[in-house]
Each structure stands twice: as structure tokens, then as C-alpha cells.
Amino acid sequence: MTGAAVDPSRLLSHLEDILGSDPDIDEVGFIHPTQFAIFNEAIHSSPSSSSGGGPQLEDGTKPKPVQASISDTFFWHNEHKLGISTLVLDPLYRAAKDAFMDAYKRYRLLSDSHVNKDGKLDNDVLICSTSILDIVESEVMKHSKALLLLSCDFGTAWNSRKSIVLKKLPFPMFMDELRLSSLVLSYSPKSERAWSHRRWVIKMITGKYANVQEIVERDSELVKTLAENSKMNYRAWNHRCWLVSYMSHSQVLLELQHSRDWSGLHVADNSCFHYRARLLLQMIENLQHNNDADGSSGVEFHQLWKEELDWVRTLIMRYVGREALWLHRRFLSLVWMKHLANDDQSISCNYCSGTCSTVNMFIEDELMLFHSCTIIPDNDFGDYHAQAVYSATYILWLAKQLPTTFGVKLRRSSQYEVLRRLLNDVGKSCLWDSTTASCTSI
Amino acid sequence: MGELKVEKHVEYILTVEKKKDDFESVVMEHLRLNGAYWGLTTLDILGKLEAVDKEEVVSWIMQCQHESGGFGGNIGHDAHVLYTLSAIQVLALFDKIDVLDVEKVANYIASLQNEDGSFSGDIWGEIDTRFSYIAICSLALLHHLDKINVERAVEYIVSCKNLDGGFGCTPGAESHAGQIFCCVGALAITGSLHHVDKDLLGWWLCERQVKSGGLNGRPEKLPDVCYSWWVLSSLIMIDRVHWIDKGKLVNFILDCQDKQNGGISDRPDDAVDVFHTYFGVAGLSLLEYPGLKAIDPAYALPVDVINRIFIGK
């Protein structure tokens, strides 16, 4: 049975029936016809069959047999998972799009004229036209859902749902929208429209219908799950950063704590470290607002920051040559240095031996770190070379940002020439020149 | 390696333009206006814009206009600034901006500015610095920047600057080359580049170049031809393009061509598409590859088109 032989509107009806019958579908996949046969074998084999054919579900059971029908060739539905054969994607998409655009057009016409209804019309007519509008609305919702599974960034379809939900406003409808968004994101985690639809729903329900903390926790978890298979997914992590402004101070600290292990296992994921930076900056902002008289905010900040610096250092030594870790350290050290500079009394003293101030101690430590990274073992793994380069640009970057402290100390250190040569060797002398230009002006 | 297969790329784009009933085109139909911009600007840079039927394109574009004044991605689709900019840009290529009711389009865009200076993409309120760039670029091309609060718009963009010197889609978002292009472009158009720490941002941008000579969009990512545009044009606008190895980048882009069938892909040996074909050719133009029309790094349109709009015929 080929895709071409089946009436597209029948395909669409079947898809929509499945979606309507199972509102808890949480995963959609598009399956090649050859693989489809394997899925269906499992369904059509009898439960007593001991043959090895057919996939097993995660809990070790086999899928229950379902009544065989023509459309089973193109759809697979079991345990809240939906599979669609790639053979029918084309006709299915066209049918869904045509049905949606048609329903949406009728909906807009009807709702416009409904709004303008003459007050003199009798009750029966009003009720009748309301029922017709209800019917068309449910058609729009039905067809848009099918369409969005096939074309996740079809903006007009997402918008139509917003229009209808906005008019009706019951809380369960909002939850349905979140569910649809999660479903789309399960196979299209970069879908811009799915993420922005989510934010629209959250903005609508926050405070009014739902507990902010719960929403934030759930969506943060969603990003974490998706991020497992969708590395450095900008839209996903951006969503998680967006949630931070809704977090309480304690939630921020909890997120920092809970996401640490995950970050430690994904050291090449720059986005997850940026997320940590975002949380840390929020924490600083919160502490500044609280501004405790007993100085406990300062202590809290100190402790956390030191912990983060030490933790990143451990990761840097363990995972050699990972850019994301070095960039996170740039951020941490910059903020730390600025904080120390505010606290430290001896900062402007260029004449003392330098061992008295915490700023100088920190700079020395970092220069030592760089030094240790320039020792490239004989086995000459590319990673060690990368480590040397990243540590060099790390030092130089700080020197550029902090010319009067870091810059000055670097100039006087024994690492100065090593650094210059290393950067020159990898074609980064432009960065060197730009930095020394800032430093010599002191 | 070697040379740019101009004829092949022209053929590829013209084929894609005609094949609009193919499944691949059909599932992209909600953003066909963007596709028109990528395809037609590429043709213009390659000196072959006359290969398309101007009247047909203009007529189709006008059918994409929504009653609000904005444009949808295709006929019957909801309005959004993403497609509105592409509409204006394509009309600019054909010197047909005068078919627009400029007031109406400008008012649509201006209505999307928020209190804090940011811009929403459409009536549904999603905010992103991309939309700030789109609004500013569109209104500049329509000579109607007066309809928005430019100072606030600039303030908002500056609030999206990160400690690494880059910009994200909203305040506190990760720096991303695409977003950086939008922010720097918007600041350039409004004469506000003094807000950018050029050395700091130049540093972030030049670190996008990887061993192969290609550019990535963020740390730890693979190089992609589209960043040849976003990173490169940003570097040019802040006068730091000498911080990357231009020769290596040219070779990377040329390596991404499908020399048999035309078109350019995101990286060597991948499947081609119009999006990457445009960015590859535009990147080469910025790198002054011979035989290509010059392109403006802020407006992303050929320089002669920009001159026509701002200086007159």
C-alpha cells in the first residue's frame, strides 16, 4: 500500500482520531516505511508467540496487539507514543494545511461577524451562531494540532490557538497548550515557535491560575531533559535563562546546586555554563537588593564564588582543553577580581611586594595555573595544546579587562614571554597587540 | 577548493524557485518570503537578478501583506516582522518600494515597540533583539525611523550586552553570533556603535574561527557557512576584520559548494539549501571575492541598492 493510494483526508482523519483519543501522547516520531514493518510486526503477532520478532518496550513487555486496519500501515500508536510513516508525510501535511487554513478563514469571518452581532437578534439565533462558532473553533484546534506536528514552526497555526484560548480562558486549555508544546519539542527541540508559545502561556497563567515556582521547576526540568540529546540548544537554554527572572532567591540557589552535577558531565556545553553564569549574576543582584546589615550577603557570595572557582579549576584539570570551562572561568575571575578590588585596601599600592593583597594572590594563582598548562607532555595530544592556548587567551583576556591589576602583574611576570610566543604561534598576535596597547597606556 | 561556481549556483536557485510544489519547498512554505530574500539577493550579488520575473515576484509579495500592514511568510499567513523585513528588502532589490503604502507598513512595525524600547515580533509579544534589528533596518529603508523611540530602542539593545562583549536575544541570554549581528547592525544603522566595546567584541568574534578556517556561532560549536556572514559583517562594522584569517575563510566557503549541482551547504559535504547559499555568497562578497557585487554589512543588501535608497538614483 503506497502513500499515494490513500485519500489524504482519510489519513488526516485517522491522525486526528488518534490525537483526540489519546491526549497524553508525549512523543512523536517519523518512521521510515522499512522500520515501520518491524513496529507493526510486534502489534500483529499474538501475545502467546515466543518468536523474537518485534520490539520490546522498556519495561520488557511486548506491545498489545491492535486491530489491523489499512491505516496501521502508516500510523503506529502505543503507550502514548505516536509514529507516522514518512511515506505519508507529504499528503498528510497538505491535507492538514488545507483543512487548517480553511477552518481558520471561516473562524475569522465568523468571529468578526459574531462580535458585530446586532442586539436585536433573538436568543435562538444567537445561541445557534455561538454553537457554529464553537464547532469551527474546535475544527481549528483539531487541524492546527495535526498541522503543527508536521510543521512545527507554522506560526499562523500557533497563533490561531492563542486567539481561541485567549477568548475562552479556562485553565485546562492552557495546560493543553503546554502539553502540545512539549510534544512538539520532543522531536523538534529547536522549534522557535514551540518555545515562544510556551512563554506566552506561562505569562498568561502566572500568578492568576498557577504557582510560579511549580511552573519554573517543571520547565527547567524540561530543558534539562531536552538538553541531554540536543547539545547547546540555544532556544532551550534561553528559555531556562528566561525562567530565572521568575525565581525566588532560594530557587536560584537550589538551581545552582541541582544543575551542578549535570554541568560537570557536560563540560563541552557552553550554554549550560552560561546558564550557571546567569544564575550567579541573579544571585548577586538578589544579594545586593537584600543588603543585610550583618554582611551575611557578602559571606554568602564569597563562599559560593570560591566554591565555583575551585570546582571549575578541578574540571579544567580533569577535562583537558575544554573551551567552555575556560570561558566560564573568564567570567568568574572577572567578577571575582572586581569584587576583591572593591574590598581590598591595598589594591592601588604598586610598590609593595604584592603578597599582602588577596588580589595579587589571586593573580599569582592564575598565572601558576597558566604555567602548569603550558607543560605539554611528550605524547602530544591535541587537547594539551588546546589547553595551553585556552589558558593563554584566558590570562590575556583578564589582562585586557583589568589592565591596572592583572595587566601590570602579567607584564612583570616570568610568564610574559611564554604567553606572547604561544599566542603568536597560533596566529593570535592581534589579541596580544590589542592587550599590550591597553596596558602600556598605564 | 578553487573557484566559485557562479553558473551552477544561479541554476540551483532558479530551480528551487520554480519547484514550489515539491515536498521540501511545501514544508517551508510558511517562510517562503524569507526564502525569496535569500534566493534573490544571491542572484543580485551574482549579477543575475534579471533571470526572474520581477512583476510576478512583486505581485506575489503584495499578496502576502496582511490587513495590519505587516507581511506573512506566504499568502494567507499571519503577519510577523520577520517576513515584513524580507518583503521590504526584496522590493528594494527590484527598486519597487514605491508599490508599498509606506505609512501603513511603518505604522505596523512601530506599533510593535514596547515600553522598554524592545520590539515584539508580532501581536503575540515575543521579544528578541532580532526584532529590534528588523524594526530599525526596515524603518531606515522606509525613511521612517522617526516613528519609533530610537533612543529607547538603543538602550534596550545595550541592556542585552554580556560581560564577554557579545549580545544575546534578551538581557542575560547567551552571546550568539546571529544575535550579535542584529545588535551591532541596529547600533550601526542608528549611529550608536560607540556603545560597543570593539576590542572586547572583536575578541569574542575572532575566537569563532576554527582550525579549518570556518567560523562558528558560539564557542564549542562546529563551523557553519552562515556564520561567515554574521561574524564577518559584525567584525567589519566594528572595524576588526583583520583579526581573522580571511584567506582561510574564503577557502572554507568554497569548500562548502556542491560543484556538480550548485548551491552551498553549512559545511563541506552536507546537503545544500538556499539559506546557506545566500550566506556563503554574501560572505564571499564581504571578503571581496572577485566578480561579486559589494554588499552592505548592516543592511544585508547590495551596496548599489542602498545607495539608490539613501542617495538617490
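Computed from a predicted structure; not experimentally measured. (Residues numbered from 1 in each chain as written. Chains lettered and ligands numbered in written order. Predicted model: local features only at pLDDT ≥ 70, side-chain atom pairs only at ≥ 80, totals over all residues. Heavy atoms only, no water.)

*Asks:* Kindly report on the packing of helix H12 (residues 246-255) of chain B against helix H13 (residues 274-286) of chain B, identifying the contributing residues and their values.
*Replies:* Residue and element names in this part refer to chain B. Where H12 meets H13, the axes come as close as 10 Å, and the angle between the chain directions of the two elements is 155°. Classed by the angle they form, the pair H12 and H13 counts as roughly antiparallel. Considering only the axes of H12 and H13, their crossing is left-handed. Across the interface between the two elements, Val250, Ile253 and Leu254 from H12 touch Gly280, Gly283 and Leu284 from H13. A per-class count over the contact of H12 with H13 returns four nonpolar, two polar and no charged. (Axes fitted to C-alpha atoms, helices over the stretch in contact; angles between N-to-C directions. Helix = DSSP H or I, 4+ residues; strand = E, 2+ residues; numbered from the N terminus. Parallel < 35°, antiparallel > 145°, perpendicular 65-115°, else oblique. Left-handed = near helix turned anticlockwise from the far one by under 90°. Contact = heavy atoms within 4.5 Å. Nonpolar A, V, L, I, M, F, W, Y, C, P; charged D, E, K, R; others polar.)

*Asks:* Kindly report on the packing of aromatic side chains, identifying the contributing residues and their values.
*Replies:* Applying the stated criterion across every chain, the model contains 26 aromatic pairs over all chains. An angle of 10° between the planes, with centres 6.4 Å apart, marks the rings of Tyr104 of chain A and Tyr107 of chain A as stacked. Residue Tyr104 of chain A and its partner Tyr107 of chain A are both found in helix H3 (residues 89-115); the two are separated by three residues, about one turn of the helix. When its relative accessible area of 4% is taken as the criterion, Tyr107 of chain A is described as buried. Look at Trp200 of chain A and Trp124 of chain B: their rings are 5.8 Å apart centre to centre, the planes differ by 85°, and that puts the pair in the edge-to-face class. Here Trp200 of chain A, found in helix H7 (residues 192-205), pairs with Trp124 of chain B, found in the loop between helix H6 (102-110) and helix H7 (129-141), and the two come from separate chains. For the pair Trp200 of chain A and Trp124 of chain B, one class covers both residues: buried. Positioned above the aromatic ring of Trp243 of chain B is the side chain of Arg240 of chain B, whose terminal nitrogen or guanidinium carbon lies 5.6 Å from the ring centre. (Phe/Tyr/Trp six-rings, centres within 6.5 Å; stacked < 30°, edge-to-face > 60°. Buried < 20%, exposed > 50% of the residue type's maximum accessible area, 1.4 Å probe, protein only. Lys NZ or Arg CZ within 6 Å of the ring centre and 35° of its normal.)

*Asks:* So, the side chain of Arg240 of chain B: which residues are in play, and what are the values?
*Replies:* All names here are of chain B. Topologically, Arg240 is positioned in the loop between helix H11 (226-237) and H12. Relative accessible area serves as the criterion here: at 16%, Arg240 is assigned to the buried category. A distance of 2.8 Å separates the side chain of Arg240 from the side chain of Asp199, its partner in a polar contact. Not counting the four nearest positions on each side in its chain, Arg240 is found in contact with Lys198, Asp199, Gly202 and Leu235. (Polar contact = N/O pair within 3.5 Å; in protein donor to acceptor, adjacent residues only side chain to side chain.)

*Asks:* Could you give an account of H12 of chain B, naming the residues involved and the relevant values?
*Replies:* Residue and element names in this part refer to chain B. Restricting attention to buried positions, one finds in H12 the residues Leu249, Val250, Phe252, Ile253 and Leu254. For H12, the secondary structure elements touched by its buried residues are H11 and H13. Residue Asp245 occupies the N-cap position of H12, its side-chain oxygen lying 3.2 Å from the main-chain nitrogen of Gly247.

*Asks:* Which residues make up the side chain of Asp78 of chain B, and what values go with them?
*Replies:* Here Asp78 of chain B is to be found in the loop between helix H4 (54-63) and helix H5 (81-93). Buried Asp78 of chain B, no salt bridge; nearest opposite-charge side chain is Arg108 of chain A, N-O distance 4.5 Å. Looking at Asp78 of chain B, its side chain comes within polar contact range of the side chain of Asn159 of chain A, at 2.9 Å. Leaving out residues up to four positions away in the same chain, Asp78 of chain B has contacts with Tyr104, Thr156 and Asn159 of chain A together with His66, Phe71, Gly72 and Gly73 of chain B. (Lys, Arg positive; Asp, Glu negative; His and termini not counted. Salt bridge = Lys/Arg side-chain N within 4 Å of Asp/Glu carboxyl O.)

*Asks:* Kindly report on the sheet that holds strand E2 (residues 75-78) of chain A, identifying the contributing residues and their values.
*Replies:* Sheets are built from strands that pair by backbone hydrogen bonding, the pairs being arranged parallel or antiparallel. Residues and elements named next belong to chain A. Spatially, the three strands line up as an open sheet ordered E1-E3-E2, and their pairing is mixed. Lying at the two open borders of the sheet, with one neighbouring strand each, are strand E1 (27-31) and E2. This sheet shows a mean twist of 15° between the axes of neighbouring strands, independent of strand direction. Of the pairings in the sheet, the one linking E2 to strand E3 (residues 81-85) comprises four bridges and is antiparallel in character. Paired with Phe75 across the two strands is Ile84, which belongs to E3. Of the strands in this sheet, E2 and E3 are in contact with helix H1 (residues 8-21), which crosses E2 at around 10°. (Pairing = 2+ DSSP bridges.)

*Asks:* Describe the pattern of salt bridges, and please don't skip the residues or the numbers.
*Replies:* Side-chain pairs of opposite charge can arise where the charged atoms are in close proximity. Residue and element names in this part refer to chain A. In the structure shown here, the tally under the stated rule is 40 salt bridges over all chains. Across the pair Lys81 and Asp26 runs a salt bridge whose closest N-O atoms are separated by 2.9 Å. Of this pair, Lys81 sits in strand E3 while Asp26 sits in the loop between H1 and E1, placing them 55 residues apart in sequence. The partly exposed category is assigned to Lys81, whose relative accessible area is 29%.

*Asks:* Can you lay out the nonpolar core for me, pointing to particular residues and giving the numbers?
*Replies:* Formed by 242 residues in total, the largest nonpolar core has its most connected members in Trp305 of chain A together with Leu40 and Tyr133 of chain B. A per-element tally of this core places H3 of chain A first, with eleven residues. Beyond its immediate stretch of four places on either side in the chain, Tyr133 of chain B contacts Leu85, Phe181, Cys182, Gly185, Ala186, Ile189, Ala298, Tyr299 and Ala300 of chain B. (Core = buried A, V, L, I, M, F, W, Y, C linked by side-chain atoms within 4.5 Å.)

*Asks:* Let's hear about the interface of chain B and chain A: which residues, and what values?
*Replies:* Across the boundary between the two partners, chain B contributes 42 residues, which contact 52 residues of chain A. The contact between chain B and chain A buries some 3,900 Å² in all, and 53% of this surface belongs to carbon and sulfur atoms. Three residues, Trp124, Trp203 and Glu220 of chain B, lead the burial of chain B against chain A; their summed loss comes to 22% of the area buried on that side. Where chain B packs against chain A, one counts six salt bridges. The partner of Glu192 of chain A in a salt bridge is Arg130 of chain B, with the nearest N and O atoms 2.7 Å apart. (Buried area = accessible area lost by both parts, 1.4 Å probe.)

*Asks:* Break down the UniProt feature "domain: Prenyltransferase alpha-alpha toroid" (unreviewed entry) in chain B for me, citing the residues and quoting the values.
*Replies:* Within this structure's numbering, the places UniProt gives as "domain: Prenyltransferase alpha-alpha toroid" (unreviewed entry) are residues 4-300 of chain B. Each end of residues 4-300 of chain B is marked by a C-alpha atom, and these two atoms are 20 Å apart; helix forms 48% of the span and strand 1%. (UniProt positions renumbered as here; feature names shortened; annotations may be inferred.)

*Asks:* I'd like to hear about the layout of surface pockets, residue by residue, with values.
*Replies:* Estimated volume of the second largest pocket: approximately 970 Å³. In terms of lining, the second largest pocket is formed by 29 residues, of which the most central are Tyr390 and Lys428 of chain A together with Gln209, Val210 and Lys211 of chain B. Sorting elements by how many residues they give to the lining of the second largest pocket places helix H16 (residues 382-401) of chain A first, with seven residues. Residue composition of the lining of the second largest pocket, grouped by class: nine nonpolar, nine polar and eleven charged. (1 Å grid on protein atoms, 1.4 Å probe; cavity = no way out; pocket = protein on both sides within 12 Å on 5 of 7 lines; lining within 4 Å. Points joined across faces, edges and corners; volume = space filled by probe spheres on them.)

*Asks:* Before we move on, could you go through empty space enclosed by the protein and cite the residues and values that matter?
*Replies:* For the structure on display, the rule yields three cavities of 30 Å³ or more. Around the largest cavity sit 15 residues that line it, and Lys162 and Ser196 of chain A together with Asp122, Trp124 and Glu126 of chain B are the ones nearest its centre. If you list the elements that add at least two residues to the lining of the largest cavity, you get helix H5 (155-168) and H7 of chain A. With five residues, H7 of chain A is the single largest residue contributor to the lining of the largest cavity.

*Asks:* Any chance you could break down helix H1 (residues 6-18) of chain B for me, citing the residues and the numbers?
*Replies:* Residues and elements named next belong to chain B. Between its first and last C-alpha atoms H1 spans 19 Å; for 13 residues at 1.5 Å apiece the expected length is 18 Å, and the two agree. Of the positions making up H1, those classed as buried are His9, Val10, Tyr12, Ile13 and Leu14. Those residues of H1 that are buried are in contact with helix H3 (32-45), strand E1 (264-265), strand E2 (272-273) and H13. (Expected span 1.5 Å × (residues − 1).)

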